[in-house]
Amino acid sequence: QVQLVESGGGLVQPGGSLRLSCAASGSAFSINAMGWFRQAPGKEREIVSAITRSAGNTYYGDFVKGRFTISRDDSKNTVFLQMNSLKPEDTAVYYCAAGSSGYLYRSRAGYAYWGQGTQVTVSS
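Anyway, here's the lowdown on the structure attached to this text. Just so it is clear, the structure is predicted and the values come from calculations on it, not from any experiment. (Residues numbered from 1 in each chain as written. Predicted model: local features only at pLDDT ≥ 70, side-chain atom pairs only at ≥ 80, totals over all residues. Heavy atoms only, no water.)

**Observations regarding the sheet that holds strand S8 (residues 78-83)**
Okay, step 1: With antiparallel pairing, four strands are arranged side by side in an open sheet as S1-S3-S8-S7. Edge strands, defined here as strands with exactly one partner in the open sheet, are strand S1 (2-7) and strand S7 (68-73). Across the sheet, the mean angle separating the axes of adjacent strands is 15° when strand polarity is ignored. (Pairing = 2+ DSSP bridges. Helix = DSSP H or I, 4+ residues; strand = E, 2+ residues; numbered from the N terminus. Axes fitted to C-alpha atoms, helices over the stretch in contact; angles between N-to-C directions.)

And the structure:
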């Protein structure tokens, strides 16, 4: 089993930045792809970004448009999401996800492990 714990969410003004972190524990050696999804009230969970082990490949949702950067530290089984130029529409619960495949799935079904989520609120 793999446990994922997110941190770094909070309240930020439009145009501000936040850095999310997600640390994996347990059988973390089995993980390859790690990613971030988000879910706003009344909306479906959508992928924000994903990255393979050793940062060989990355994926970003279209709405990111150069504002976010995903990275990982495999020695610490941790993935990061640096979010800049935040907009009110980025407000959501952000979830860390991980899977054993090296393919960067866009859907929830591709990830077996999930964190509890961290709230990001962008508001003035």
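**What about the side chain of Arg38?**
Okay, step 1: Mapped onto the fold, Arg38 is located in strand S4 (residues 34-39).
Okay, step 2: Arg38 sits in the buried class, given a relative accessible area of 7%.
Okay, step 3: At 2.9 Å, the side chain of Arg38 forms a polar contact with the side chain of Asp90.
Okay, step 4: If sequence neighbours within four positions are ignored, Arg38 has contacts with Glu44, Arg45, Glu46, Val48, Phe63, Glu89, Asp90, Ala92, Val93 and Tyr94. (Buried < 20%, exposed > 50% of the residue type's maximum accessible area, 1.4 Å probe, protein only. Polar contact = N/O pair within 3.5 Å; in protein donor to acceptor, adjacent residues only side chain to side chain. Contact = heavy atoms within 4.5 Å.)

**Observations regarding the nonpolar core**
Okay, step 1: Counting 27 residues, the largest nonpolar core has Met34, Trp36, Leu81, Met83 and Tyr94 as the members making the most contacts within it.
Okay, step 2: Sorting the residues of this core by element identifies S1, strand S3 (18-26), S4, strand S5 (46-51), S7, S8, strand S9 (92-98) and strand S11 (118-122) as the ones contributing at least two each.
Okay, step 3: Beyond its immediate sequence surroundings of up to four residues, Leu81 is in contact with Leu18, Arg19, Leu20, Trp36, Val48, Ser49, Phe68, Thr69, Ile70 and Tyr94.
Okay, step 4: Counting residues in each nonpolar core, the second largest holds eight residues, with Phe37, Ile47, Ala97 and Leu104 among its members. (Core = buried A, V, L, I, M, F, W, Y, C linked by side-chain atoms within 4.5 Å.)

**Observations regarding the packing of aromatic side chains**
Think of a pair of aromatic rings as described by two things: how far the centres are apart, and how the planes are tilted against each other in angle.
Okay, step 1: The full count for this structure, using the stated rule, is four aromatic pairs.
Okay, step 2: Measuring from centroid to centroid gives 6.5 Å for Tyr111 and Trp114, while their planes differ by 75°, and the two rings are edge-to-face.
Okay, step 3: The class of Tyr111 is buried, set by a relative accessible area of 4%.
Okay, step 4: Aromatic ring contacts, followed pair by pair, group Phe37, Tyr111 and Trp114 into a single cluster.
Okay, step 5: We note Arg45 situated over the ring of Trp114; from NZ or CZ to the ring centre the distance is 5.1 Å.
Okay, step 6: Across from the ring centre of Trp114, 5.8 Å away, lies the NZ or CZ of Arg108, which sits over that ring. (Phe/Tyr/Trp six-rings, centres within 6.5 Å; stacked < 30°, edge-to-face > 60°. Lys NZ or Arg CZ within 6 Å of the ring centre and 35° of its normal.)

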